[in-house]
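The primary structure of each chain is shown beneath.
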Amino acid sequence: MPSNEFIVGVYGQWGSGKSTILNFVEHSLEEKENSPIITWFNPWWFSGESDLIEKFFAQLGAGLDTGGEYDELRDKLSKLADGLSRVPLSTITGIPSGRILGWVSDTIQSENPDLEGLKEEISDALRELDQQIVVFIDDIDRLTESEIRQMFRLVKAVADFPNITYVLAFDQEVVIDALDGEQGGGNGREYLHKIIQLPQHVPIPAEDSLHHFFTERLEGIVQDADVIFDENTWQSVYQRGIQPFIHTPRDAVRLANAVDNSYQALGRDANFIDIVGLEALHIFHNPAYEKIRSNPSRYTADIRSGRNPDDEEYSELWEHLDEDEQDIEPLQVLLRYLFPKVKTGSLTLGFQFSRDHDTYRKTRRVCHPEVFPYYFRQTIPKGELPVGEIESALELTDDANKFANRLRELASRKTESSRSMAHTFLSQLSNYTDDIRNEEEVVKSFLIAGDELIKTDPSRNTLDDGNRGYLLRLTFELLDSRPKGENFELLREAIQQGDSPYFTTYLLGVLLQEHGKYGGDEIREEDRKLAMDQLEELKQDIVILIEDKASENTLLETPNLYLVLNRWDEWADSEKPTQWAEELTEDTEGLLTFVRIFVKEGRYSAAGSPQQIVEYIDPRDIEPFIDTTEIENQFEDLDRGELDEDGQKLIELFEKGQELINEGKDPSSLEVWVFGERR
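Throughout this description, residue numbers start from 1 for each chain and increase along the sequence as written. Totals for whole chains, interfaces and linings use every residue, but because this is a predicted model, local features are given only for residues with pLDDT of at least 70 and side-chain atom pairs only at 80 or more, for both listing and counting. Working from all heavy atoms in the structure, the side-chain values ignore hydrogens and water.

J.: I would appreciate a short explanation of unusual backbone geometry in the present structure.
T.: Comment: phi is negative for the bulk of residues other than glycine, and the bulk of peptide bonds are trans. For Asn 553, which is not a glycine, the phi torsion comes out positive at approximately 60 degrees. Counting from the N terminus, the helices are DSSP H or I runs at least four residues long and the strands are E runs at least two residues long. Tracing the sequence through the fold places Asn 553 in the loop between helix H25 (532-551) and helix H26 (561-571). Backbone geometry at Asn 560 places phi at a positive 50 degrees, although glycine is not the residue there. Examined against the element boundaries, Asn 560 turns out to sit in the loop between H25 and H26.

The structure is reproduced here in structure tokens:
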């Protein structure tokens, strides 16, 4: 150690590892036989010139031992700090220390104004100490330019004591810019060169070493072998869109820590590459990140939009960069991967991605509008199913009853949209058909729990068919994935084991439409899922199911019972449908219940008015079961004052339907009910 003041400079970019080097040096010094007194001073913790001086000397004194000469030295350091804190440190620039202290002594009121003598006493005491003193000063480059200049004045002109070595860590270019103009020379580099006696540059890390440093931390984060991760995509996106942003170990640590936080919050409910990419965007290009966060509809995929994404301009995402900055291309690569809608000109990406909307959702891509909130809220949006819960349900697809029970359980859980979790699950199940263990069991489960699912999430309009639409589509997908000749036996077994008269009836009706029945367009024989003779056999299986429900007195629980009754009457070769209706309508309550089955709902909206729901009934729909004249007579005999409002309204609907028939109008037409005549 030198006997006079000695100043070492450790140069490196912010985050390059300067603090780590200081820690290593400290550890090495502490291991020596006659280790020096070591103290740290971090100037950016303090603000103001007097605060800087006072805290510096306080920290220096705190590092000394206690007792005897140390206590006396500490007291002198405190007095010197008190005296110096009373004048602006900025006045000290370039003045030799003796002249400074003499001037200070003349301009302040103090019990001991001889600060020059006080400093000499401190210097003598330090020379007589058996130990050297090392002062580590870190994070100088985090100060303002004014504070950086003050820090160097303090070290060079005020605290230039013997037997003290200063080790200063900072970004050289930042400090040089701040020192420009000191001593009137305007050359911060030369000024710094005069102060630093031993400059040491932090070695620039090799690209491979940073790569391994970062990726090893990612491997430590991901312990789940089933994480959503495509290696080929990762290599391209990482090498061209993420790695170019990682210049220092601090960059690697910051990004790894951010990824760790997001992954702990989301895990497998988000795409791991998207987590890393989005966190890189957040840390290194936050202006672009904020634009995307605040306007998701502009950047996420939209299957309903007819616009060509190449028709839009997205340069606002890199406008915070200069045109010649090297980060532009990596940023564009990253943006193009995360949000395929983003136009990046003629840039060759080096990787392929699907534009399929369902694939985006299955793979939990941030570009899917329903998945987007996962990443930005760091939680699963209410109403969405975590991947683990989807997989848990798929594990039951080799047992129809167990899977049906899981669907029922999901149907019992409502979401913010008033739909159930079953609706959410069914909407995504097409993405997981490859993970279904037994397709036959899943089809059977639909015919077991179908009516309950449809009742929970009914059709709302022609664009939202509720669970019925998903069940029908999924059933057809599963049938189409199997050998055609096996579908009949599967459906027959499913109907016989099933418990859903409505969905079964509806499904068979759609299959009959392939033969031109029920208003359907007849398709080619080779494209039909079942032959007509097979469908005729299934009709009888459905009739048996309906009649079992009727005998169990549970048929009234069936959703859309109107269709079921009509198909029962049409397909049954017996009087059982009319017998069931007659037994039900023997009392007033049963009569009202039966008539209510045939009430329909229609929607219309007048100009400038909100949509309205209209109930209407065509009494002719009831005639296959009961003579409507008898119903009229029963209604006439009722004391309507004893009926509730719903019962009175039902009778009025029936009577109006009869009036329309008598007037020669069609009561099956919503227009007649709304406008009084068919248009």
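Moving on from the coordinates now.
J.: Explanation requested: the pairing of strand E3 (residues 133-137) in the structure shown.
T.: Walk down a regular strand and you will see the side chains alternate between the two sheet faces. The buried fraction of E3 amounts to five of the five residues, a majority that puts the element mostly inside the structure. Taking every second residue as pointing to the same face, both faces of E3 are buried, with Ile 133, Val 135 and Ile 137 on one and Val 134 and Phe 136 on the other. Note that strand E2 (residues 37-41) and E3 share five bridges and pair parallel. Directly across from Thr 39, in E3, lies its bridge partner Val 135. Assignment of crossover handedness uses the view with strands pointing away from the viewer, where a clockwise path from the first strand over the helix to the second indicates a right-handed crossover. Note on the crossover from E3 through helix H6 (residues 145-158) to strand E4 (residues 164-170): the handedness is right-handed. For every residue, the accessible area (1.4 Å probe, protein chains only) is compared with the maximum for its type, and the residue is labelled buried under 20%, exposed over 50%, or partly exposed between those bounds. A pair of strands counts as paired when DSSP detects no fewer than two bridges linking them.

J.: Explanation requested: the environment of Ile 221 in the structure shown.
T.: Relative to the assigned elements, Ile 221 resides in helix H9 (residues 207-221). Separated by 43 residues in sequence, Ile 221 and Gln 264 place their C-alpha atoms 8.5 Å apart. Excluding residues that lie within four positions of it along the chain, Ile 221 makes contacts with Ala 256, Val 259, Asp 260, Tyr 263 and Gln 264. The contact rule is simple, with two residues in contact once any of their heavy atoms fall within 4.5 Å.

J.: What exactly am I supposed to notice about helix H20 (residues 421-429) here?
T.: Three- or four-residue spacings in an α-helix give side chains the same orientation, since the helix completes a turn every 3.6 residues. Burial analysis of H20 places nine of its nine residues in the buried class, which makes it a mostly covered element. Taken as a whole, H20 has its buried residues at Met 421, Ala 422, His 423, Thr 424, Phe 425, Leu 426, Ser 427, Gln 428 and Leu 429. As for H20, its buried residues are in contact with helix H16 (357-362), helix H18 (387-394), helix H19 (400-411), helix H21 (439-456) and helix H22 (466-480). Nitrogen and oxygen atoms within 3.5 Å of one another constitute a polar contact, given that in protein one can donate a hydrogen and the other can accept it, and given that sequence-neighbouring residues count only through two side-chain atoms. The residue sitting at the N-terminus of H20 and contributing the capping side-chain oxygen is Ser 420; that oxygen lies 3.2 Å from the backbone nitrogen of Ala 422.

Honestly, it's all geometry; don't read function into it.
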